[in-house]
Amino acid sequence: MEDKQELTIGKYGFQVKNRYRARGAVLLDTSEGPRLMREYDRIKGHFTFENEIKAHLARKGMDKTDIVIPNQDGELVTEWESGEKYVVYQWFHGEECDYKSRQGLVAAAKNLGCLHRNLKGFSDEPKSLEECLLTKYGRHNREMKRVYRYIKDQKRKNDFELYVLGCFHEFFEKAEQAEKRLAESAYFHENRYVTKDICHGEYNYHNLIMTKKGVATTNFEKAGYGIQLLDLAYFSRKVMEKNGWNKECGRDILEAYGSEQPLEEEEREFLCIVLGYPMKFWKLLNQYINGKKSWISNKNMEKLIGVREQERAKTDFLVSVLQG
């Protein structure tokens, strides 16, 4: 493995000054700047398309992205006869975005707004979307009902199952309400089937590097055509869960995003619907039904209790900040 890594580095023409392990990859300090080398089998990327997106962003002035570097043969993936494959990215010196730093979150939200503005109308022709969000919510709701019936029918119930039964209806009511509101959303109906816009697909603090010259955006593996506000909803949900749905934090994020990509009333309503859906509750039920029923992780029990405890703060945030 080490030999193939060395041979791969040799196909890029740069000199390596130092190297470090970094989340299943190797961070290289090179004569051409920092580079990240990853094994192809661990990546589900579409590298040519990703590079098209990143080149487009660079032309718009957003050049701090993890462009895939071609080797000296012009190949984006370096493959050896023995089967090993490697991909090398442009990388950056800096720290991962800190979800507790208000300044960092504001910069991240502003960066997302800028990203969306520059990726709006990426395609000349409308592209079909793979799965309708309304279809996904309907499927999730049916899955939750099946889990509820399964637990209810169990003669002996553990603490996790009893807790689910005790709070199921309050979460399921919100899930049904979100599905109903989404079906009635004018913004969603306008954008549900086709778009010309690109989403990042996994915009979270793990994929943002805070450099001295601004925010670097990485990991475009799930980038594609879609409703851009789902990026903002995903980022907001991840951050707000970590910050207890603090209203001031959420307001700062929305204002920073809006400074680059203003939010209309229908868009704020759509965000409210998506954030209001009990996604974390569904995920926990999904993990439960697909896991080992005889042993429930204490971590999952803690998460379930935490989701319920945060629900009031989340509702307060949605009403006072997004609907206010």
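These lines cover the structure that appears in this document, whether it is placed above or below.

Reading guide: rules and limits
Residues numbered from 1 in each chain as written. Predicted model: local features only at pLDDT ≥ 70, side-chain atom pairs only at ≥ 80, totals over all residues. Heavy atoms only, no water. Helix = DSSP H or I, 4+ residues; strand = E, 2+ residues; numbered from the N terminus. Rg over C-alpha atoms; globule rule 2.2 N^0.38 Å. Buried < 20%, exposed > 50% of the residue type's maximum accessible area, 1.4 Å probe, protein only. Contact = heavy atoms within 4.5 Å. Areas by Shrake-Rupley, 256 points an atom, 1.4 Å probe, with all protein chains shown as cover. Disulfide = S-S within 2.5 Å. Salt bridge = Lys/Arg side-chain N within 4 Å of Asp/Glu carboxyl O. Polar contact = N/O pair within 3.5 Å; in protein donor to acceptor, adjacent residues only side chain to side chain. Pairing = 2+ DSSP bridges. Axes fitted to C-alpha atoms, helices over the stretch in contact; angles between N-to-C directions. Parallel < 35°, antiparallel > 145°, perpendicular 65-115°, else oblique. Left-handed = near helix turned anticlockwise from the far one by under 90°. Core = buried A, V, L, I, M, F, W, Y, C linked by side-chain atoms within 4.5 Å. Nonpolar A, V, L, I, M, F, W, Y, C, P; charged D, E, K, R; others polar. 1 Å grid on protein atoms, 1.4 Å probe; cavity = no way out; pocket = protein on both sides within 12 Å on 5 of 7 lines; lining within 4 Å. Points joined across faces, edges and corners; volume = space filled by probe spheres on them.

1. Let's talk about the overall build of the protein
Phase 1: Regarding its fold elements, the protein presents 11 helices and 12 strands.
Phase 2: Rg of the C-alpha trace for the protein: 22 Å, near the compact-globule value of 20 Å for 324 residues, within the 12% margin.
Phase 3: A principal-axis box enclosing the C-alpha atoms of the protein has dimensions of 65 × 50 × 40 Å.
Phase 4: Relative to its 324 residues, the protein shows a buried fraction of 47%.
Phase 5: Looking at the protein alone, contacts between residues at least 24 apart form 75% of all its contacts between residues at least 6 apart.
Phase 6: Total accessible area on the protein is roughly 17,000 Å²; 46% of this is exposed by carbon and sulfur atoms.

2. A closer look at the state of the cysteines
The term disulfide refers to a covalent linkage connecting the sulfur atoms of a pair of cysteines.
Phase 1: Counted according to the given criterion, the structure contains zero disulfides.
Phase 2: Its sulfur unpaired, C249 is 10 Å from the next cysteine sulfur, which belongs to C97.

3. Here's the deal with the pattern of salt bridges
Phase 1: For the structure on display, the rule yields 21 salt bridges.
Phase 2: Here E32 makes a salt bridge to R35, at a shortest N to O gap of 3.8 Å.
Phase 3: Exposure remark for R35: the relative accessible area of 8% places this residue in the buried category.
Phase 4: The salt bridge partner of K222 is E202, with a shortest N-O separation of 4.0 Å. Here the residue K222 occupies a position in the loop between strand 11 (214–217) and strand 12 (224–225), and E202 occupies one in the loop between strand 9 (198–199) and strand 10 (208–211), the gap between them amounting to 20 residues.

4. Considering the side chain of H116
Phase 1: In this fold, H116 is placed in helix 3 (residues 102–119).
Phase 2: Among the polar contacts made by the side chain of H116, one reaches the side chain of D231 at a distance of 2.9 Å.
Phase 3: Setting aside residues no more than four positions away along its own chain, H116 makes contact with I198, Q228, D231, L232 and Y257.

5. Section: the pairing of strand 3 (residues 33–39)
Phase 1: Within strand 3, six of the seven residues are buried, which leaves the element mostly enclosed by the surrounding structure.
Phase 2: Sheet topology note: the strand 2 (residues 25–30)/strand 3 ladder contains six bridges and is antiparallel. Looking at strand 3, one finds that D29 is bridged to P34.
Phase 3: Between strand 2 and strand 3, which pair antiparallel in sequence order, lie two residues.
Phase 4: As judged from the five bridges shared by strand 3 and strand 5 (residues 85–90), these two strands associate in the antiparallel manner. Bridged to L36 within strand 5 is Y89.

6. Considering the packing of helix 8 (residues 247–260) against helix 11 (residues 298–322)
Phase 1: Viewed as axis vectors pointing N to C, helix 8 and helix 11 meet at an angle of 45 degrees, and their least axial separation amounts to 10 Å. In terms of their interaxial angle, helix 8 and helix 11 are classed as oblique. The element helix 8 and its partner helix 11 pack so that their crossing is right-handed. Here K247, G250, R251 and L254 of helix 8 come into contact with helix 11, specifically with D316, F317, S320, V321 and L322.

7. Considering the sheet that holds strand 10
By definition, the strands of a sheet pair up through backbone hydrogen bonds, in either a parallel or an antiparallel sense.
Phase 1: The strand order across the open sheet built from three strands is 6-10-11, with neighbouring strands paired in antiparallel fashion. Looking at the sheet topology across the chains shown, the edges are occupied by strand 6 (95–96) and strand 11.
Phase 2: Summarising the sheet, strand 10 and strand 11 pair through four bridges and their orientation is antiparallel. Looking at strand 11, one finds that L208 is bridged to T217.

8. Some details on the nonpolar core
Phase 1: By size, the foremost hydrophobic cluster in this structure holds 74 residues, and its most contacted members are M144, L232, F235, I253, F270, F281 and F317.
Phase 2: With nine residues, helix 5 (residues 159–184) is the largest single contributor of residues to this core.
Phase 3: Those residues in contact with F281 that lie beyond four places of it in its chain are M144, V164, C167, F168, F171, L304 and V307.
Phase 4: In terms of nonpolar packing, the next biggest core, distinct from the first, is built from 12 residues, W91, F92, I209 and A216 among them.

9. Thoughts on the packing of helix 5 against helix 11
Phase 1: One can describe the packing of helix 5 onto helix 11 by two numbers: an axis separation of 11 Å at closest approach and a directional angle of 25 degrees. Considering their axes alone, helix 5 and helix 11 lie roughly parallel with respect to each other. In the packing of helix 5 onto helix 11, the handedness of the crossing is left-handed. The residues of helix 11 that touch helix 5, namely those facing D159, F160, Y163, V164, G166, C167, E170, F171 and K174, are N300, M301, L304, I305, V307, R308, E311 and T315.
Phase 2: Each residue belonging to the contact of helix 5 with helix 11 can be placed in one class, and the counts come to nine nonpolar, three polar and five charged.

10. A word on the layout of surface pockets
Phase 1: Reported here for the largest pocket is a volume of approximately 1,800 Å³.
Phase 2: Forming the walls of the largest pocket are 50 residues, and the residues nearest its centre are K136, G201, Y234, M279 and K283.
Phase 3: Elements represented by at least two residues in the lining of the largest pocket include exactly helix 4 (133–153), strand 12, helix 7 (229–242), helix 10 (279–289) and helix 11.
Phase 4: Considered class by class, the residues forming the lining of the largest pocket number 23 nonpolar, eight polar and 19 charged.
Phase 5: Here the second largest pocket is characterised by a volume of approximately 410 Å³.
Phase 6: Contributing to the lining of the second largest pocket are 20 residues, with A22, R23, L36, W91 and H206 lying nearest its centre.

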